[in-house]
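The primary structure of each chain is shown beneath.
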Amino acid sequence: SNFYPFEEIEKKWQKAWEEKRIFETTEDPDRKKFYVLEMFPYPSGDPHMGHVKNYVIGDVIARYFIRKGYNVLHPMGFDAFGLPAENAAIQHGIHPAVWTYEKIDRMREVLKQLGITYDWRREVITCDPGYYKFTQWFFLQFYKNGLAYKKEGPVNWCPSCATVLANEQVVDGACERCGTPVERKLLNQWYFRITKYAEALLEDMKLLGNWPERVLTMQRNWIGKSEGANIDFFQPDLGEKITVFTTRPDTIFGVTFFVLAPEHPLVERLVKGTPKEEEVRKFKERISKKSEIERTSDLSDKEGLALEKDVVHPITGQRIPIWVADYVLLEYGSGAVMGVPAHDERDFAFAKKYGLPIIPVIQPPDGDWNGECYSGDGIMINSGAFSGLLSEEGKKKIIAFLKEQGLGDAAVSYRLRDWLISRQRYWGAPIPIIYCEQCGEVPVPEKDLPVLLPENVDFRPTGPSPLALCESFVNTTCPQCGGPARRETDTMDTFVCSSWYYLRYCSPWEKDRPFNPEHVRYWMPVDQYIGGVEHAILHLLYSRFFVKVLNDLGLVPFREPFTNLFAQGMVTKDGAKMSKSKGNTVSPREIIQKYGTDTVRLFILFAGPPELDMEWSDQGVEGAFRFLNRVWNIAREIMYMQSNQQVPIDENWMRNLERKVHQTIFRVDRDTRERFHFNTAISAIMELVNELSESLRFLSEKGAHPEEKKLMTWALKQLVSILNPFAPHLSEEIWSLLGEKSFLSLAPWPEYDAEKMLTETVTIVVQINGKVRSKIEANRDASKEAVLEQALRDDKVQNWLDQKEIQKVIYVPNKLINLVVR
Ligand code: ANZ
Ligand code: ZN
């Protein structure tokens, strides 16, 4: 056939790059570094098109920066712990380690076929003991600094995965992985104290470079900072005050009831020995099964129970009845709420249901209270001495007043909770803690790391971790007293493993420390991180948290891991996300076999701006393939072109082609570097290919002078040079066929000459009433209107015209414009 021999070409160059180790990088303080990183994959076998899109985007950036002279770090690895391996093990009786490493091998094979500039020596695999040893080491550093702790509390439990989940892994009340509705359970679990960093995670956003606004917004919402006040309500029976958190102290005169979270510790004390005790116990039991979403959603029905006890209003001294209700959560604010039904939707629904009074205390600025809940700001009414104030000022005045009385103060609340990191599953890094009868909770000494996963374990999920059933693992001796002790049997959330892998790439060879600080100082932070927007909260927030902790512990000299973040869109087919479950996947392996890697790369990059979703289309792939064949054929025609000294040179054509080349370099450079709009960069290259094709036709009719052939060859060379980041193999091949001895992948990126980009200009004489008054430079063959407009902008012409009216314009193209004025 007459298709270009892509298979041969791609194999040849991949081998050459590998043999000459051209993408292996080392620290070099004399060169500017650039760290480009794509989120590493979970090894599920063959990569899918979404992966390919991710890595190809990263590769274009890496290749561009390499050729711009940067010392580029571009590594790859595998996020290899996790449930799928364990589930496969249960189903097929294969050990998770065997399953995982098989998948990694398959995945690596395809990644290598993509011709990406990875330095494979730096590969990191998180389930390798040489890696998770340090995941455990970090756990110990967190532990020693009070940032890892164990507590009993309500947790999200996925009955299908038989493990707890972090809040971040619960999506609309269901397990992020399997979609099973999440249950609430009271369990003793390990947490990382991310709440200590809530403010820093918000504040340090200003240190970030270019991050998508939507990702920052999602993080801000997740952290959920609210400013308001803590206000104390006195409870006479207990003789104690109960604190509420409110964002609306300006509504305090509208409080008609008071709500405690059912789990609030004071509830039991309030009803002890009263007829309510049993009712409350049953109520709590029923509520404990509801998820947080169910409890707090504006739409769901609210359930409550009156305790037949009161609190005293801190300003009016009125008695206010105490309730418990499902919509108040123990973990937020102080676990207690002042009910203001006129101005809070949930309080309103609750008051309606239970017939509680509704008193308006905020009048909408544009009218009267209409009997419905009004939750906006407005003018305070029915509020004693505070009536007439606007909400904004009222809030401040109420806080000041309460503070003076010792009844409250300004306060901030965050929605963010501590990160639950323990999992009751096998395939993860064991938490390095030992429980001793004598000494209690004892951290495993650093010298004893890693705490290795035992190999012979029954993986079937039963509730407790499978490790708990492995006696040889569980039974150990106490590192402090040498007495009998038991190991912690929970493993860590895999998001712990992925919170520091980007540091490991800097010096993956280190045996005794997680990284070499010098190397980390050289390479970090990551200059360009690329991944899916689905990681906006989990992975990105956790990694940011990790680096802040390490910075506070003096382990790294920076506060943020990823300076710039690019969130790519999905690959869809027939309008839906490609996924195995929808059966609409396209196998990268097959497409590569059929058309070659360069075609796959080009198609993905040309399909649209990479931040948007792209639709997979077979015609699109064919189109990319045809284009590369066209480049190949044109290249050969230019190389075999005949020339003849006798033929006259067409200067005009030469200037035009030269200009087009410089313009193309400019456009590709700008679109690649500034906006990652590879699709428009590729369009520019396609235009240049058209130009070369027309030139070939033109020269074959006219005959080519050797100078003209030389120019065509130069243009071709520039073309493949800028095509290289997108289609690295084909461009490398043509480059070498043009006689170049060194790798195009390492050649300096071509410079454009701005002067030569200019369209050709001519000098036009401007006359006013027949007298020469000025001269202007205009594009050759510009229209009369364009020249007139330019002439009128000229200072001298303006002076001469001086408000006079133009009667007539005479234009001699490319020579003269005469304005007749009166
Ligand atoms: C009285 C009030 C009047 C409120 C009003 C709102 C409007 P955000 O913005 O999400 O921070 N609240 C406080 N603690 C709670 C808890 N543990 N569980 C459920 N709700 C709780 O919401 C803060 C508001 O949520 C607080 O302000 C409180 O209701 C409620 F016109 O207090 B507000
Ligand atoms: Zn001990």
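Residues numbered from 1 in each chain as written. Chains lettered and ligands numbered in written order. Predicted model: local features only at pLDDT ≥ 70, side-chain atom pairs only at ≥ 80, totals over all residues. Heavy atoms only, no water.

### Structural notes on the sheet that holds strand 33 (residues 806-812)
Read across the open sheet, the four strands follow the order 32-31-34-33; overall the sheet is mixed. Lying at the two open borders of the sheet, with one neighbouring strand each, are strand 32 (771-779) and strand 33. Neighbouring strand axes in the sheet, compared pairwise and without regard to direction, differ in orientation by 20° on average. Relative to strand 34 (residues 816-821), strand 33 is paired through six bridges, and the arrangement is antiparallel. Directly across from Ile810, in strand 34, lies its bridge partner Asn818. (Pairing = 2+ DSSP bridges. Helix = DSSP H or I, 4+ residues; strand = E, 2+ residues; numbered from the N terminus. Axes fitted to C-alpha atoms, helices over the stretch in contact; angles between N-to-C directions.)

### Side note on the coordination of the zinc ion (ligand 2)
Taken together, Cys436 (SG), Cys439 (SG), Cys478 (SG) and Cys481 (SG) make up the protein donors of the zinc ion (ligand 2), found 2.1 to 2.5 Å from the metal. Each of the four donor atoms bound to the zinc ion (ligand 2) contributes to angles spanning 102 to 118°, and the resulting shape is tetrahedral. For the zinc ion (ligand 2), the donor residues sit on a single chain with the sequence spacing C-x2-C-x38-C-x2-C. On the criterion of sequence distance, the pair formed by Cys439 in the loop between strand 21 (433-436) and strand 22 (440-443) and Cys478 in the loop between strand 23 (475-477) and strand 24 (484-487) is long-range, its members being 39 residues apart. Take Cys439: its relative accessible area is 28%, and that puts it in the partly exposed class. (Donors = N, O, S within 2.8 Å, 3.2 Å for Na, K, Ca; no water. Tetrahedral: all angles 85-135°; square planar, octahedral: opposite > 155°, others 65-115°. Buried < 20%, exposed > 50% of the residue type's maximum accessible area, 1.4 Å probe, protein only.)

### With respect to the environment of Tyr101
Mapped onto the elements of the fold, Tyr101 is located in helix 4 (residues 96-113). Of the residues examined, Tyr101 reaches a relative accessible area of 30% and is grouped as partly exposed. Along the chain, Tyr101 and Pro725 lie 624 residues apart, while their C-alpha atoms are 31 Å from each other. When sequence neighbours within four positions are dropped, the list of residues in contact with Tyr101 reads Ile125, Cys127 and Asp128. (Contact = heavy atoms within 4.5 Å.)

### Considering the domain arrangement of the protein chain
Taken domain by domain, the protein chain holds domain 1 (31-126 + 498-568), domain 2 (136-193 + 418-494), domain 3 (225-414), domain 4 (588-756) and domain 5 (759-821). A C-alpha centroid distance of 37 Å is found between domain 2 and domain 3. Carbon and sulfur atoms supply 43% of the area that domain 2 and domain 3 bury against each other, a total of about 520 Å² over both sides. Of all residues in domain 2, Pro154, Gly173 and Arg184 bury the most surface against domain 3, accounting for 75% of the area lost on that side. Put simply, Arg184 and Glu331 hold a salt bridge, and the shortest N to O gap is 3.6 Å. (Domains from an automatic or database assignment. Buried area = accessible area lost by both parts, 1.4 Å probe. Salt bridge = Lys/Arg side-chain N within 4 Å of Asp/Glu carboxyl O.)

### Comments concerning helix 21 (residues 651-673)
The end-to-end C-alpha distance of helix 21, which contains 23 residues, comes to 33 Å, matching closely the 33 Å that a straight helix rising 1.5 Å per residue would cover. Sitting at the amino-terminal end of helix 21 is Asp650, which places a side-chain oxygen 3.1 Å from the backbone nitrogen of Asn652. (Expected span 1.5 Å × (residues − 1). Polar contact = N/O pair within 3.5 Å; in protein donor to acceptor, adjacent residues only side chain to side chain.)

### Considerations on the sheet that holds strand 22
Spatially, 22-21-24-23 is the arrangement adopted by the four strands of the open sheet, whose pairing is antiparallel. Looking along the sheet, the strands with just one partner apiece sit at the ends: strand 22 and strand 23. Recorded for the sheet is a direction-independent mean angle of 40° between the axes of neighbouring strands. Sheet analysis places strand 23 next to strand 24, joined by three bridges and oriented antiparallel. When the sheet's bridge partners are listed, Thr477 is paired in strand 24 with Pro484.

### Topic: the packing of aromatic side chains
For the coordinates displayed, the defined rule picks out 56 aromatic pairs. A centroid spacing of 5.9 Å and a plane angle of 75° characterise the contact between Tyr501 and Tyr502, whose relative ring orientation is edge-to-face. Between Lys185 and the ring centre of Trp157, over which it is positioned, the NZ or CZ distance is 4.0 Å. When the ring centre of Trp735 is taken as origin, the NZ or CZ atom of Lys717, which lies over that ring, is 5.6 Å away. (Phe/Tyr/Trp six-rings, centres within 6.5 Å; stacked < 30°, edge-to-face > 60°. Lys NZ or Arg CZ within 6 Å of the ring centre and 35° of its normal.)

### Concerning the pairing of strand 12 (residues 257-260)
What you see with strand 12 is no split at all: Phe257 and Val259 on one side and Phe258 and Leu260 on the other are buried throughout. Summarising the sheet, strand 12 and strand 15 (residues 336-339) pair through four bridges and their orientation is antiparallel. Residue pairing in the sheet places Leu260 in a bridge with Ala336 of strand 15. Inspection of the sheet shows strand 12 paired to strand 14 (residues 319-325) by three bridges, in the parallel sense. Each residue of the ladder has a partner; that of Leu260, found in strand 14, is Val324.

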